[in-house]
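Given next are the chains, with one letter for each unit.
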Amino acid sequence: MTTRPKRGSPARANVGPERKDAAMQWKHKDLLDVSQLSADEVRHVLATAAYFREINSRPVKKVPTLKGRSVVLFFAEPSTRTKTSFDMAGKRLSADTFALAKSGSSLSKGETLKDTALTLQAMNPDGIVIRHGSSGAAQFLAERLECSVINAGDGRHAHPTQALLDALTLSRRWKGEFSGKTVLILGDIAHSRVARSNVLLLTMLGANVRLCAPRTLLPPRPDTWPVAVYSELPQAVQGVDAVMCLRLQLERQQAGLLPGLREYARTFGLSPRHMALAAPGACVLHPGPINRGVEIDSALADSAESLILEQVENGVAVRMALLYLYLTRKSPDAAQSGIPA
Ligand code: CP
């Protein structure tokens, strides 16, 4: 997907195949879910992220692209990967990042989300990255704020930046070709924003998607989703090119959805014997955090088939691309500048 210029070469200013892409005018103010993006726009995000991957491989990983811009990282739910990678992404682009957690904010004193958001807006940030336990929280902010709002996960609704980093990971594995590939999403789909955003994005890019879960962990009316639904893992995994395991979201589940963790692990936990039924070269993804021995066998998580840590690495590049695109978007009649080297 990328052409790597030699280190120190003036050719670095030319981003090769992405150069044409880099001139795409980004028109969106906010990223609430991948459904807002066209397939061309998704490909543009992935090409831009591929460029930033190259920057992340340099000894000095910092460029002045967003110098003088400020980004608030407003995480009202726990996060390791998304929060740290957005922070790192902003800093590598020379933006100033400010982290706010629910426990350290006035939300914990009874302030409403609206008042917290308007307070943050009054400080004139260029973007707010929000994670919140309520579906629709990102849209609520986007409708009220002038700055860009990027959804870092809202309730069980959407996790667009996770789906984009998963797409970059699979695109690199499959050399950009999604058509004819089959991805199995396995586990707690009912409570998963990752599953919802990935079904939208993978099908948009041309992949076939299967879901496999106990009946109690499937969403209502899965027949209305553009997927094939399975209840037996050995059948679901037959011939697939990738398996995306999901964590059991115990914090979002009502009691009684599962007989027990041991029974779940025995029936729906992904193991090497399942991967033997998948297509040759099939890979394993997991958005994290993983529960070893529950949804995924511990040795499989650490095996050569596992792309879990590559997903984390790609998360920084994708979030750099998104901060770059959303924070430098121009009015519809102005052309967007190319990516600075
Ligand atoms: N995948 C994901 O969203 O991980 P975090 O909860 O650690 O951000």
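Residues numbered from 1 in each chain as written. Predicted model: local features only at pLDDT ≥ 70, side-chain atom pairs only at ≥ 80, totals over all residues.

Enquirer: Explain the packing of helix α2 (residues 39–56) against helix α12 (residues 308–327) to me, using residue names and the numbers behind them.
Expert: At a closest axis distance of 8 Å, the pairing of α2 and α12 adopts a crossing angle of 120°. α2 and α12 meet at a crossing whose hand is right-handed. Here Val45, Thr48, Ala49, Phe52, Arg53 and Asn56 of α2 lie close against α12, whose contacting residues are Asn314, Val316, Ala317, Val318, Met320, Ala321, Leu322, Tyr324 and Leu325. Residue classes in the contact of α2 with α12 are distributed as 11 nonpolar, 3 polar and 1 charged. (Axes fitted to C-alpha atoms, helices over the stretch in contact; angles between N-to-C directions. Helix = DSSP H or I, 4+ residues; strand = E, 2+ residues; numbered from the N terminus. Left-handed = near helix turned anticlockwise from the far one by under 90°. Contact = placed C-beta atoms within 7 Å. Nonpolar A, V, L, I, M, F, W, Y, C, P; charged D, E, K, R; others polar.)

Enquirer: How would you summarise the pairing of strand β8 (residues 242–245) if you had to cite specific residues and measurements?
Expert: Both faces of β8 are covered, namely the face carrying Ala242 and Met244 and the face carrying Val243 and Cys245. Both strand β5 (residues 182–186) and β8 contribute to a ladder of 4 bridges, which runs parallel. Bridged to valine 183 within β8 is alanine 242. As defined by bridge partners, β8 adjoins strand β9 (residues 283–285) across 3 bridges and the pair is classed as parallel. From the neighbouring strand, methionine 244 faces β9, where its bridge partner is leucine 285. (Buried ≥ 20, exposed ≤ 12 C-beta atoms within 10 Å, placed from the backbone. Pairing = 2+ DSSP bridges.)

Enquirer: Explain the nonpolar core to me, and be specific about the residues and the numbers.
Expert: One finds Leu186, Val243 and Leu323 to be the most contacted residues of the largest nonpolar core, which totals 99 residues. With 12 residues, the top contributor of residues to this core is α12. Residues lining this core come from more than one domain, with at least three contributed by each of domain 1 (10–155 + 314–327) and domain 2 (161–306). Not counting chain neighbours up to four residues away, the residues in contact with leucine 186 comprise Cys212, Leu233, Val243, Met244, Cys245, Leu246, Phe268 and Leu270. (Core = buried A, V, L, I, M, F, W, Y, C linked by C-beta atoms within 7 Å. Domains from an automatic or database assignment.)

Enquirer: Kindly report on the sheet that holds β9, identifying the contributing residues and their values.
Expert: The sheet built from 5 strands is open, its strands ordered β7-β6-β5-β8-β9 with parallel pairing. Edge strands, defined here as strands with exactly one partner in the open sheet, are β7 (228–230) and β9. Pairs of neighbouring strands in the sheet enclose a mean axial angle of 20°, with direction left out of account. Both β5 and strand β6 (residues 208–212) contribute to a ladder of 5 bridges, which runs parallel. Bridged to valine 183 within β6 is valine 209.

Enquirer: Provide a residue-level description of α12, including the pertinent values.
Expert: With 20 residues, α12 should reach 28 Å at 1.5 Å per residue; the first-to-last C-alpha distance of 28 Å fits that figure. Counting buried positions along α12 yields 16 of 20 residues, so the element is predominantly enclosed. (Expected span 1.5 Å × (residues − 1).)

Enquirer: Break down unusual backbone geometry for me, with residues and values.
Expert: Along the chain, glycine 288 connects to proline 289 via a cis peptide bond; the corresponding omega equals -10°. In this fold, proline 289 is placed in the loop between β9 and α11 (298–301). Look at serine 94: it is not a glycine, yet its phi comes out positive at around 70°. Positionally, serine 94 belongs in the loop between α3 (81–92) and β2 (96–101).

All we've got here are geometric facts, nothing functional implied.
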